[in-house]
Amino acid sequence: MKLLKSFLSFSLPLLIMLFMFSIYLVVTKVVVNYKENIINDYAILVITNTPLSSIDSLANIKVKNIEPLSRKNIIKKVKKNLSETSVDLLQKKLPYFNKIYLEEFPTTVKLEQIRKELSGIKNIKKIETFSNDHNKLYSLLVLVQNIIFILFAAVLLLSILLLSKQIKIWFFEHNERISIIQLHGGSLLYSSKPIIKIIVGSALFSSLIASSMLFTIISNIQFIVEPEIMEFIPTVLSLEMEVFKIFLLSIIIPLITFFGLLVKYKLK
Amino acid sequence: MIFAKNLTLSYDNKKNIIEDANFMIKEREFIFISGSSGSGKSTMLKSFYGDLPIKKGNLFVNKCDLFKKNYGKLLALRKDLGIVFQDYKLIQDYTIEENIMLPLKVHNYADDVSKAQVKKLLKHVKLSHKIGAYPAELSGGEQQRVAVARALAHNPSIILADEPTGNLDDYSSDMIWTLLKNANEHLGITIVVVTHRIPTDMGIKYRRFNIEEGVVYEAS
């Protein structure tokens, strides 16, 4: 019972931290996926008097491609309702339409900066960023992602405190054994082997449970999230990397806490 | 082997327990450190294995300067010592075999070599039948024999024993003295024993240091 209690005292905060981390990973994946999706469809439209010369980057975002819209096609579309003189006049007066594709989706701040940079080019008559619809959902997702990250960081700090407290208890429980081994020339690390074993065991247990929880959530995601977000979820379902990250974190955080305490004891 | 010059020891820099001690213990010697209760016998022994910082003076054990010791040097020194305590200091959830194997594991001996050495030592201390038992299943005398076997396991150059017979009956005490005597005579190990009860018929050459009110002197 005592063993189970001490095992749970260590595994539980670790498990909660890993669970928060899993949620953070999923949300990050959703945001990245959404960002990748919208950037393919998204372009800034600029109207110029003469053909637009090449632009390398806007607001530190690389320009993927500038696609001039065919003037002939535009005229073709409106030609039916116009007289020949009007068509001739239109051909002479029609400005150049260009679509600017970016490497990544800009934030509202960056969009404003892009608008300013484009306005500085004399040749440009009009700029249309079409950002409103995309930006609302994207901003919301980024907000959720940031909130979850802050929550994760808070839980991480709290977990480290609880883990270090439990490791201290284990050091105290194994104090006699540790001092006997040290009296025989065993290092502090060598004499703490039983503690390392419990830590690794608890970490593996916690990562297994957290991975199972993540798998359950992903499998039943349609019952958890809004249908609007569902369209971004299916491509997220590559769990191997997430499980690996959870496993790494479950081992690294307790071991860093353990080695931190070990250094503290050694300095003593 | 053990050399002390103006050695002064105290706990927390308060009253000196040992003051300006000067002595030398050579290889293969059998030394008794005696004195009344609270005279500082065990304190001095503790300083030999670096469990107590030196306040003043010099103390060299196996060429290790314990005044300037660091963690690595201290561990290296302890690897070359065998220590026997009055309260045995056996690890309770280790079997007798595992307890004796401890210094061998610290020295990274191969498992088969360690097991063979443990069998030999258990035969020597007449406890072969207890190889798989736990310390709690043994009497005090048997536990102390295990502790002596553990101290001998890695062929140390010095064995430090703090009141090794303090809690034992006469029969068990005799066995412990015989084991320590044999280690000194046949294996050439230097033995330093803290005791307030020196056996009358040791049958070997030994020296005795006495401690009185912090002063260490060689008694005849």
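Note that the structure is predicted; figures quoted are calculated from it, not measured.

Draft legend 1. Inspection of the interface of chain A and chain B at higher detail. In this complex, chain A contributes 12 residues to the contact, which on the side of chain B involves 18 residues. Where chain A abuts chain B, roughly 1500 Å² becomes buried across the two surfaces, and 65% of that area is made up of carbon and sulfur atoms. Among the residues chain A hides against chain B, the three largest losses belong to Arg177(A), Leu183(A) and His184(A). Together they make up 47% of the total. Run the count over chain A and chain B and you get 1 salt bridge. Note that Arg177(A) and Asp93(B) form a salt bridge whose closest N and O atoms lie 2.6 Å from each other. The interface formed by chain A and chain B contains 5 residue pairs in polar contact (both at pLDDT 80 or more). Its residues placed into classes, the side of chain A that touches chain B shows 5 nonpolar, 5 polar and 2 charged.

Draft legend 2. Just the packing of aromatic side chains, in detail. On inspection of all chains with the given rule, the structure shows 17 aromatic pairs over all chains. With centroids separated by 5.2 Å and ring planes inclined at 75°, the aromatic side chains of Phe258(A) and Phe259(A) adopt a geometry described as edge-to-face. Taking the centre distance of 5.2 Å and the plane angle of 50° together, the rings of Phe30(B) and Phe32(B) count as tilted. Across the pair, exposure class does not vary: Phe30(B) and Phe32(B) are buried alike. Here the aromatic residues Phe21(A), Tyr24(A), Phe149(A) and Phe152(A) are joined through ring pairs into a cluster of three or more. For the cation-ring pair, Lys89(B) lies above Phe85(B), with the distance from its terminal atom to the ring centre recorded as 5.3 Å.

Draft legend 3. The arrangement of the pairing of strand 1 (residues 2-10) of chain B in detail. Residue and element names in this part refer to chain B. Note: strand 1 against strand 2 (residues 16-25), 6 bridges, orientation antiparallel. Paired with alanine 4 across the bridge in strand 2 is phenylalanine 23. Hairpin remark: strand 1 followed by strand 2, antiparallel, with 5 residues in the connecting loop; positive phi at aspartate 12, about 55°. The pairing of strand 1 with strand 4 (residues 56-61) spans 5 bridges and is classified as antiparallel.

Draft legend 4. Representation of the sheet that holds strand 6 (residues 81-84) of chain B within the structure. Residues and elements named next belong to chain B. In space, the 6 strands of this open sheet follow the order 6-7-8-3-9-10, with mixed pairing throughout. The open sheet has two edge strands with one neighbour each: strand 6 and strand 10 (215-219). With direction set aside, neighbouring strand axes in the sheet form an average angle of 20°. Pairing geometry for strand 3 (residues 30-35) and strand 8 (residues 190-194), over 4 bridges, is parallel. Note on strand 8: the bridge partner recorded for isoleucine 33 is valine 194. On top of the sheet, helix 5 (residues 140-152) reaches strand 6 and strand 7 (158-162); it is set at about 170° to strand 6, its chief contact.

Draft legend 5. Main features of the confidence of the model for chain B. All names here are of chain B. Averaged over every residue, the pLDDT of chain B is 92; the share at 70 or more is 100%. Strand 5 (residues 64-65) is the least confidently modelled element of chain B, averaging 89 in pLDDT, while strand 8 averages 96, the highest of any element. If you check the scores for this complex, the pTM reads 0.76 and the ipTM reads 0.90.

Draft legend 6. Layout of the sheet that holds strand 4 of chain B. Ordered by their spatial adjacency, 4 strands build an open sheet running 2-1-4-5 (chain B), and the pairing between neighbours is antiparallel. Looking at the sheet topology across the chains shown, the edges are occupied by strand 2 and strand 5 of chain B.

Here is what the cut-offs are and how they apply
- Residues numbered from 1 in each chain as written.
- Chains lettered and ligands numbered in written order.
- Predicted model: local features only at pLDDT ≥ 70, side-chain atom pairs only at ≥ 80, totals over all residues.
- Heavy atoms only, no water.
- Contact = heavy atoms within 4.5 Å.
- Buried area = accessible area lost by both parts, 1.4 Å probe.
- Salt bridge = Lys/Arg side-chain N within 4 Å of Asp/Glu carboxyl O.
- Polar contact = N/O pair within 3.5 Å; in protein donor to acceptor, adjacent residues only side chain to side chain.
- Nonpolar A, V, L, I, M, F, W, Y, C, P; charged D, E, K, R; others polar.
- Phe/Tyr/Trp six-rings, centres within 6.5 Å; stacked < 30°, edge-to-face > 60°.
- Buried < 20%, exposed > 50% of the residue type's maximum accessible area, 1.4 Å probe, protein only.
- Lys NZ or Arg CZ within 6 Å of the ring centre and 35° of its normal.
- Pairing = 2+ DSSP bridges.
- Helix = DSSP H or I, 4+ residues; strand = E, 2+ residues; numbered from the N terminus.
- Axes fitted to C-alpha atoms, helices over the stretch in contact; angles between N-to-C directions.
- pLDDT = per-residue confidence, 0-100.

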